[in-house]
Amino acid sequence: MVSEKITGQDLQSAMPNVTGKVRLKGLKGPVKVYRDEYGIPRIKAASEIDAFFAQGFVTAQDRLWHIEYDRRRGAGRWAEAVGQQAVAQDTLMRRFRLEASAKADYEIMDSHTKEIFDAYAAGVNAFIKSGDALPIEYRITGLEPEAWQPWDGLIAYKVRHIFMGVFESKVWRARMVREMGPEAAGKLFPGFEPGHLMILPPGATSPGPLDDGLKELTEGAAGLNYLSEMDSGSNSWLLCGAETATDKPILAGDSHRALDTPSAYYQNQVACPEFDVVGLSFPGVPGFPHFGHNGRVSWSVTHTAADYQDLYVERFKDGEPTKYLYQDQWLEAETHNETIKVRGGSDVHTTVTVTQHGPVIAGDPAQGSGMAFKYTATEKASTWPDILWKMLRAENSQELVDSQRDWADPCNNFLFADIHGDMGYLCRGRIPIRSRVNGWLPVPGWTGEHEWERDIPFEELPVSINPPEGYIATANNRPVGDDYPHYIAIDFTPEFRVKQVTAGLKALIRPTAEDMAQVHAQKVSIPALAYLGVLKDVEPKDAASSAAKDRLLAWNGEMDAALVEPTIYSAMRDALLKEVLETNLTAKLAEEAWHPADRGLGSFTNRLKARLVEMIGQDDCSLLPDGDSWPEALAWALGSAVGALQDRLGDDMDQWQWERVHLARPKHTLSAAFPELAELLDPPAIPTSGDGDTPLQGGYSPSAPATVTSLSVARYSYDPSNWENSLWVVPLGSSGHPGSPHYADQSETWRQVKMIPMGYDWESIKASCETEQTLNPG
């Protein structure tokens, strides 16, 4: 797809005005907006409704294209911007029915929440109508900005989180079972119980349409994962006041996602008589649902990796595809006709079928079967948005916990610390109680044996306030022990990161908020140390392998960007992984697993890599080629790795630094569709330390180590003893405009694993602001 010629000057001309005075219809009183040296906006309003109006307006100034992209992607309208290449993903998104779900949530909001969402939308629309310059992306795509509807923010929020669930993992397991059989597949999934790897009862239905549906769903999910995100993860930790320099707890951590351009999160501060909060918001959504503090209590999240998405195989009546079977009765399904508009092409028409289990997202009812998707965020209308303003008013930790009662999605490890010295953990979100079999694979929808009974009651969700250990650390690891009575999930992140976070935290002596950067910077790989333990017994195949072995045995396991050893270790480990995949999967599945295109595949390969580390410790060779020992397997992998690195980087091993092959490569949302503009739109690549197993996150696909696919999209450290000491940083910048000086001005600070002042005091904000703007009623 070819666009009109765009220049650097055009980017500059698309910048909004953020100074002076502007009159805006919808405001009740004047609002001041101060921006600091990083362009981060600070909003001060005389009323709560004006504050949310201004948050919408300021977000549109900086991120209008960002929210446009999320709205169109979530509503299945991205093909209107980029043409035919987006039709498959738009078709899948129409099936998910996120727009209908967002409208349903909006309809049942309480009146005050609705007023807040209306005000935020009015603020976005006030910018669109202001006559100010619009983002350059509208000119590139030829689109005009449409009015922002109050529920559009919920579409944006849902599309940001639907793929953090586990349905893709269930699809991948199902494909493995279908192609390999339960026994062979079960070898690669430790912990499954007899019968849990059977999708359909014998003779229940023809497997052909099911297999087609699984393949279709895999391809659709891959199309939506344009940043090649492998897995979802984060770190967070709390240290009690008795262990800090300030006698108050400190809350710190970082959120791991793929690197969106601009970042998924938006730094800002919003103050009014009811609250004064600084934090990270989701553009398009009022409030600060994941990270922030209000001067009394701070909060942050990591992903719990809970299981709250199920897939049901539905049987449809021959010749009557709107009827589906449930407990020996034919029930009538809903149908919705959808039209996808395509830039430069013809309209595409599709029909979405909805059963009692949810929308059919794969398969074909006309062919007799389909796969329905049940998800806590879309299964029924929810009042969760009411929390978005209530939590901002919390006076202490307990009030903050109480405010989370109706939180729906995603399920989070929610940490908090307050000025009173209290701190704690809550697992927030809806987790359905149902058959354990649901956790492994798609289940039959017609038997009635796999229905959701109820949710885990709020009072029974894991919670801990002021634990006696004096600290809490989370890194997407298992949140509860075996004595917890409810099923949360079958699959959690290995404990490599949380062990290093805990060790780093315990090594600090009476730390400050600034000292928490030392934990952010932890980059020793526990798996690397395990491999080094085997490497000493390896007989190298040639002189180059021998030199590589010597380097590795003298290495301490730090995945430092400036070192050569991380490059050799990673190539060796990945060569071994490829061999294991080819030994234990069919050729087709092994190829897909080596090039993971969706999070289900990415999660599988990451867990398999972790399992191999465990097997090294047990000297379990059952997944290795027949007859191989670990030293023999590693000798081959090391030789293969060295040969590949010589081909790629040359024979001089001193030039094989990790930073040469391991970079964060920010990719603008339009770069793929308009590659001739990529150089103008994409921020510079960032050399990165770490890997997927270190707290300093730098996960990557084994087939493409040169592109980091999972990294810290925000780091933070909150100091309740003096909020002015709190710190944060994002990998790019606050602005979504490619022509802005704040498009990527935090990148170097982020690369160095440092942070910038978060700021909170209004006198300091006013004294040091870079720009000042007054929004007046008009």
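Please read these numbers as outputs of a predicted model, since none were measured by experiment. The residue numbering used here restarts from 1 in each chain and proceeds along that chain's sequence as written. The model is predicted, so local features are restricted to residues of pLDDT at least 70 and side-chain atom pairs to those at 80 or more, both for listing and for counting; the totals for chains, interfaces and linings are taken over all residues. Side-chain measures here rest on the full set of heavy atoms in the structure, leaving out hydrogens and waters.

Tracing the backbone through its elements, the reader meets G8 in helix α1 (residues 8-13). Working definition: with a 1.4 Å probe on protein chains only, accessible area under 20% of the residue-type maximum means buried, over 50% means exposed, and in between means partly exposed. Residue class for G8 comes out partly exposed when judged on its relative accessible area of 35%. C-alpha separation for the pair G8 and Q269, spaced 261 residues apart in sequence, amounts to 30 Å. Elements are defined by DSSP. Helices are runs of H or I of four residues or more, strands are runs of E of two residues or more, and each kind is numbered from the N terminus.

Okay, the nonpolar core next. Definition of nonpolar core: a set of buried residues of the types Ala, Val, Leu, Ile, Met, Phe, Trp, Tyr and Cys, connected through side-chain atoms within 4.5 Å. Formed by 148 residues in total, the largest nonpolar core has its most connected members in F96, W299 and L775. With 12 residues, helix α2 (residues 48-75) is the largest single contributor of residues to this core. Ranked by size, the runner-up nonpolar core spans 61 residues in total, among them V534, M572, L585 and I616.

Next up on the list: the pattern of salt bridges. Note on definitions: salt bridges are taken to be side-chain nitrogens of Lys or Arg within 4 Å of carboxyl oxygens of Asp or Glu. Applying the stated criterion across every chain, the model contains 41 salt bridges. E179 is the partner of K588 in a salt bridge, and the nearest nitrogen-oxygen pair spans 4.0 Å. Separated by 409 residues along the polypeptide, K588 in helix α19 (residues 587-594) and E179 in helix α9 (residues 167-180) bring together distant segments of the chain. What makes K588 partly exposed here is its relative accessible area of 43%. K578 is paired through a salt bridge with E582; the nearest N and O atoms lie 2.9 Å apart. In this pair, K578 and E582 are both assigned in helix α18 (residues 565-584), four residues apart and thus about one turn of the helix distant. Each of E68, R71, R72, R77, E80, E146 and D152 takes part in salt bridges that share partners, so that together they form one network.

In this section: the environment of I387. By secondary structure assignment, the location of I387 is in helix α12 (residues 387-390). Look past the residues within four positions of I387 in its chain and what remains in contact with it is S403, Q404, D406 and W407. Contact criterion: two residues are considered in contact whenever any of their non-hydrogen atoms come within 4.5 Å of each other.

On to unusual backbone geometry, then. Of note, the amide linkage connecting T261 to P262 takes the cis form, showing an omega dihedral of 0°. At the junction of D409 and P410, the peptide bond is cis and its omega measures out at -5° in the coordinates. With a phi angle near 50°, N466 is a residue other than glycine that sits in the positive phi range. With respect to the helices, strands and loops of the structure, N466 is situated in the loop between β22 (463-465) and β23 (471-474). Even without glycine at this site, D619 takes up a positive phi of about 50°.

Burial of strand β18 (residues 423-428) is extensive: six of the six residues sit out of reach of the surface. Side-chain alternation along β18 places M423, Y425 and C427 on one buried face and G424, L426 and R428 on a second face that is also buried. Here the rule is simple: two strands pair whenever DSSP picks up at least two bridges between them. Bridge count for strand β17 (residues 412-418) against β18 is six bridges, and the pairing is antiparallel. Within β18, the position partnered with A417 by the bridge is M423.

Turning to its location among the elements, D307 is positioned in the loop between β9 (297-303) and β10 (309-317). Judged by its relative accessible area of 2%, D307 falls in the buried class. Any N or O atom pair separated by 3.5 Å or less is treated as a polar contact, with the protein-specific requirement of one donor-capable and one acceptor-capable atom, and with residues adjacent in sequence counted only for side-chain atom pairs. Engagement of the side chain of D307 in a polar contact is seen with the side chain of K170, the distance being 2.9 Å. Not counting chain neighbours up to four residues away, the residues in contact with D307 comprise V166, K170, I431, P432, R434, N438, G439, Y487, I488 and A489.

Turning next to the packing of aromatic side chains. Pairing of aromatic rings covers Phe, Tyr and Trp, the last counted by its six-membered ring, and requires centre-to-centre distances within 6.5 Å; plane angles under 30 degrees mean stacked, over 60 mean edge-to-face, and any other angle means tilted. Inspection of every chain in the model, using the stated rule, returns 28 aromatic pairs. Seen in terms of ring centroids, F96 and F373 are 5.0 Å apart; in terms of plane orientation they differ by 65°. Their pairing is edge-to-face. A residue pair is termed long-range when its members are at least 10 positions apart, and F96 in helix α4 (residues 87-96) and F373 in strand β16 (residues 369-375) qualify at 277 residues. Here F96 matches F373 in class, with each residue buried. Pairing W172 with F604 gives two aromatic rings, centres 5.5 Å apart and planes at 55°, and the pair type is tilted. Highlighted residues: W172 in helix α9 and F604 in helix α20 (residues 599-618), separated in sequence by 432 residues. Among the residues examined, W172 registers a relative accessible area of 2% and is labelled buried.

Now for α20. For a helix, the expected span equals 1.5 Å multiplied by the number of residues minus one. Look at α20: 28 Å from first C-alpha to last across 20 residues, which is about the 28 Å you get at 1.5 Å a residue. α20 sits mainly inside the fold: 16 of its 20 residues count as buried. The positive-phi residue at the C-terminal boundary of α20 is D619, with phi of around 50°.

Before going further, it helps to spend a moment on the environment of S435. Within the fold, S435 resides in the loop between β19 (432-433) and β20 (443-444). Since its relative accessible area comes to 18%, S435 is described here as buried. Measuring from C-alpha to C-alpha, the distance between S435 and L134 comes to 51 Å, with 301 residues separating the pair along the chain. If sequence neighbours within four positions are ignored, S435 has contacts with E449 and H450. At a separation of 3.1 Å, a polar atom in the side chain of S435 contacts the main-chain amide nitrogen of V437. At a separation of 3.4 Å, a polar atom in the side chain of S435 contacts the side chain of H450.

Turning to the state of the cysteines, a few remarks are in order. Any two cysteine sulfur atoms within 2.5 Å of one another count as a disulfide. Summed over all chains, the structure comprises zero disulfides. Free of any disulfide, C411 has its nearest neighbouring cysteine sulfur in C427, separated by 3.7 Å.

A separate point is the sheet that holds β18. The 11 strands lie next to each other as β1-β30-β2-β3-β6-β7-β8-β9-β17-β18-β22, forming an open sheet whose pairing is mixed. Only two strands of the sheet have a single neighbouring strand rather than two, namely β1 (20-24) and β22. Mean inter-strand twist for the sheet, computed between neighbouring axes without regard to direction, equals 20°. Sheet topology places strand β6 (residues 266-272) next to strand β7 (residues 275-281); seven bridges connect them, and they run antiparallel. Bridge assignment links Q267 to a residue of β7, and that residue is L280. Strands β1, β2 (31-35), β3 (41-45), β6, β7 and β30 (771-777) of the sheet are contacted by α2, whose axis makes an angle of about 155° with β6. Angles here are taken between N-to-C directions and fall from 0 to 180 degrees, while the axes themselves are lines fitted to C-alpha atoms, restricted in helices to the stretch in contact.

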